[in-house]
Amino acid sequence: MLEKALYGSKRYYGLVALLAVIILIGLAAYLKQLNYGLGVTGLSRDVSWGLYISQFTFMVGVAASAVMVAIPYYLHDYKAFGKVVILGEFLAVSAVIVCILFIFVDLGQPSRVFNVILHPTPSSMMFWDMCVLMGYLLLNIVIGWTVLGAEKKDVPPPSWAKVLAYISIPWAISIHTVTAFLYAGLAGRAYWLSAIMAARFLASAFAAGPALLIILCLILRKYTSFKTSAEAIQSLAKIVCYAMIANVFFFGLEIFTAFYSNIPGHMAPFQYLFAGVDGYNNLVPAMWGFAILAVIGITMLVIPPLRKNEKTLIWALIAVFVAAWLDKGLGLVLGGFVPNPFGRVVEYYPTSTELAIVAGVYALGLLLLTILYKVVVGVRAQTAVEVEH
Amino acid sequence: MNRRDFLKGIAAAGIGGALVFQGLDKFGVEAADMVPTSKRLPAKHWGMVIDVSKFQTEEDFRKVADACHSYHNVPAIDDPKEEVKWIWADDFEHTFAELESKYLSEEIKKMQFPVLCNHCEEPPCVRVCPTQATFKRPDGIVAMDYHRCIGCRFCMASCPYGARSFNFFDPRPYIAQVNPELPTRTKGVVEKCNLCAERIDKGLVPVCVEASGGAIIFGDLDDPQSEVRKALRENFAIRRKVELGTGPNIYYIFGGGGAGA
Amino acid sequence: MYNGGKIIAGLIIFVSLITAPFLLNVGQANETPEISLDTPVINQLSEKQCVESVEFMRSQHPQLLDDWRDQVVREGQTVYISSTGEEYEMSLDNSCLQCHSNQSQFCDACHNYTSVELYCWDCHGGGLAK
């Protein structure tokens, strides 16, 4: 089926070429990092995780969000999602690969990465994260490819594929829970030490992921023969709406606990993120951006005419996606390191090399997504033609 | 047979063969051939009691920090964002940020506290390390295996004391005089104070203890007769962030006799 | 064969390119590396004896160093008793490199020849003149 990705329109080739160029730039930047060390980034002794890990955290959420299409379809026989499930699974595949790549480029000694397998450490959440991410990647590749292949041959998928699909549902929840556990168990980081971390991660994932999926469906509808039904899009939009409400609600709960309890250690990160502390305030615009865009997005999604009109819907979804990214992809990880264990603020700014590597990894994920979606579109188009005959 | 079965057979043979070859290779020298030297300092639970009142001048710190950093090939990097430090000094307000108070005594305000890895009883860094590159020895020291560290920096995120440093680049150019007895580290690994484990294994006390001229008391916290236990019986001591459950083993006292300063 | 001419031509080009390194070096032999034991400490030894025999060291030195490292760093052991009953401190810097202080004519000579890249010197051997 991969041959479907080899031929396409000029626009398709142009996209592939553009992504390839960005990947090469990112690769060159990564070689620079390999050669010199992580000093090429803006990381510091106090903010020891930056964009790489924060983007990993965000993309695990996007990967997990495939479950929001799988549950209605596989568990509850919601036929409207039947045509879209494959897009969710392939989005999950690309997202997980992006996650793995972000972890890899973040390592100080990447050639030793197999030490995690050679010396398994059950007490470490990072070990389990590797296990569940690999498992989820395999699950989605196998399920997606098998089901698509069955569709191409116009036969029902084998029954074991359905079993794997059932397994992938709790597995999807687990990948993001384990990722949340990376943060939620650290006694020394007050911003992260919260029971609601996993719940908040999942809520924001189920808002951002399906939002991205709908946007991708609308793009496919405009430029290819793959036309997602309005019903599927509306159902997904409602999922995004409620998930984002939950996400914002959970964030509000965090703010209540921090400020009603009045504990300085708990309040300080919020103060840094939303007002700045000691003159340090580089994340303030991002966090207020999150707040404003979240409200706009939720409002637009809640009001039925705005949700049903796909022209306004797309802006609502972009608002939700960007809001979730600002919160999780910037505020969460960077805010956890402020203030540092000595009560001081050290700020983090990514460098151009770092941004190039981030862009390269994202471009690789997008390229993979493009190729996988091209295959889906190709198979769908082919089977549609066959049905016509 | 058809092509599918043939491929399945080849795969099975390949995996089976690989497993067989694994078992065939016999390497490794006998562990019985290696012994701890009889000079190793015995202990179940190393700890330190630091008498802050004996650290009056900058020179008092300098000699301790320099002794440690020069012995262990710790690079001298100026940029505080990328520096590597195993032992350094900070004031009360920052060392004990959880004990912040508006009304500190004048004396406490002027005090400087030597800060280092606490070699915790329940170290969060050991719990989160995905490769056990950071591990706890039976004698209580939280040690590091720089060969195994993959540089993921999870330990740095988990340490509540900010005790760990990362090698953002090759540290060699920043080491004035390499001590040939010990290796340096390389870029991409995390490092921290190791309580001079390699010296203890040869019967010597840590370098900072030696250089401090009695200001740092070192001993086995499980031995009621040790110097550290005596110091703790006779002096009021505090530790950093005890409420987090890490069980730090670095105690701070304020003078040889009596409670407080 | 369909397109037979192109296929055969392509095959010939491919095989020649792949076997070019062998064909170009037919009849020649690469010099074995010269390992130098000429160091001040070794020259002073009456009996030129390493920790273990030469055969053992040749085939097992990586495993020995690995085991030493695990025993020193992870188990706190310091002394190795060799098969001849001698005691040695388990340390690359303080034992091996004391005698073999000419790391570039000893270790690197073979390792460069066999293209087995060493990263020991990233951390160890800081006291040696390069």
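Just above, that's the structure.
This text gives an overview of the structure that appears in the document.

1. With respect to the overall build of chain B
So, point 1. Counting its regular elements, chain B contains 9 helices and 11 strands.
So, point 2. Here the C-alpha radius of gyration of chain B, 23 Å, is well above what a compact globule of 261 residues would show, namely 18 Å.
So, point 3. Structurally, chain B occupies a C-alpha span of about 90 × 40 × 40 Å along its principal axes.
So, point 4. A total of 261 residues make up chain B; the buried ones form 44% of that total.
So, point 5. The long-range fraction of contacts in chain B, counting pairs at least 24 apart against all pairs at least 6 apart in sequence, stands at 65%.

2. Examining unusual backbone geometry
So, point 1. Cis peptide bonds are those with omega within 30 degrees of zero, and the linkage from Val-338 of chain A to Pro-339 of chain A qualifies with -10°.
So, point 2. As for its placement among the helices and strands, Pro-339 of chain A is situated in the loop between helix 13 (310-336) and helix 14 (352-388).
So, point 3. Phi is positive for Asn-262 of chain A, close to 65°, though the residue is something other than glycine.
So, point 4. Residue Asn-262 of chain A is classed as exposed on the basis of its C-beta count, with 8 C-beta atoms lying within 10 Å.
So, point 5. Even without a glycine there, the phi angle at His-119 of chain B is positive, about 45°.
So, point 6. Among the secondary structure elements, His-119 of chain B is positioned in the loop between strand 4 (112-116) and helix 5 (124-128).
So, point 7. The class for His-119 of chain B is buried, based on 27 C-beta atoms found within 10 Å.

3. Structural notes on the interface of chain A and chain B
So, point 1. Opposite the 33 residues of chain A that make contact, chain B presents 38 residues.
So, point 2. Sorting elements by how many residues they give to the side of chain A that touches chain B places helix 6 (residues 125-152) of chain A first, with 3 residues.
So, point 3. Considered class by class, the residues forming the side of chain A that touches chain B number 14 nonpolar, 14 polar and 5 charged.

4. Quick look at the nonpolar core
So, point 1. Core analysis: the biggest nonpolar cluster contains 203 residues, and Ala-63, Cys-99, Val-240 and Val-320 of chain A have the highest contact counts within it.
So, point 2. Apart from the residues lying within four places of it in its own chain, the contact partners of Val-320 of chain A are Ala-207, Ala-208, Ala-211, Val-240, Met-244 and Gly-297 of chain A.

5. What about the interface of chain C and chain B?
So, point 1. Contact with chain C, which involves 22 residues of that partner, is made by 27 residues of chain B.
So, point 2. Listed by contribution, the elements that provide at least two residues to the side of chain C that touches chain B are helix 3 (54-75), strand 1 (79-81) and helix 4 (92-99) of chain C.
So, point 3. Ranked by the residues each element gives to the side of chain C that touches chain B, the list is headed by helix 3 of chain C, at 8 residues.
So, point 4. When the residues that make up the side of chain C that touches chain B are grouped by side-chain class, the tally is 7 nonpolar, 10 polar and 5 charged.
So, point 5. Relative to strand 1 of chain C, strand 1 (residues 34-35) of chain B runs antiparallel, the two sharing 2 bridges.

6. As for the packing of helix 2 (residues 51-64) of chain A against helix 4 (residues 85-106) of chain A
Residue and element names in this part refer to chain A.
So, point 1. Packing of helix 2 against helix 4 brings their axes to within 8 Å, and their N-to-C directions diverge by 160°. Comparing their axes, helix 4 and helix 2 come out roughly antiparallel. As for the relative orientation of helix 2 and helix 4, their crossing is left-handed in sense. Only Ala-92, Ala-95, Val-96, Val-98, Cys-99, Phe-102, Ile-103, Val-105 and Asp-106 of helix 4 make contact with helix 2, whose side of the interface consists of Tyr-52, Ile-53, Gln-55, Phe-56, Met-59, Val-60, Val-62 and Ala-63.
So, point 2. Residues belonging to the contact of helix 2 with helix 4 are distributed by class as follows: 15 nonpolar, 1 polar and 1 charged.

So, how was this worked out
Residues numbered from 1 in each chain as written. Chains lettered and ligands numbered in written order. Predicted model: local features only at pLDDT ≥ 70, side-chain atom pairs only at ≥ 80, totals over all residues. Helix = DSSP H or I, 4+ residues; strand = E, 2+ residues; numbered from the N terminus. Rg over C-alpha atoms; globule rule 2.2 N^0.38 Å. Buried ≥ 20, exposed ≤ 12 C-beta atoms within 10 Å, placed from the backbone. Contact = placed C-beta atoms within 7 Å. Nonpolar A, V, L, I, M, F, W, Y, C, P; charged D, E, K, R; others polar. Core = buried A, V, L, I, M, F, W, Y, C linked by C-beta atoms within 7 Å. Pairing = 2+ DSSP bridges. Axes fitted to C-alpha atoms, helices over the stretch in contact; angles between N-to-C directions. Parallel < 35°, antiparallel > 145°, perpendicular 65-115°, else oblique. Left-handed = near helix turned anticlockwise from the far one by under 90°.

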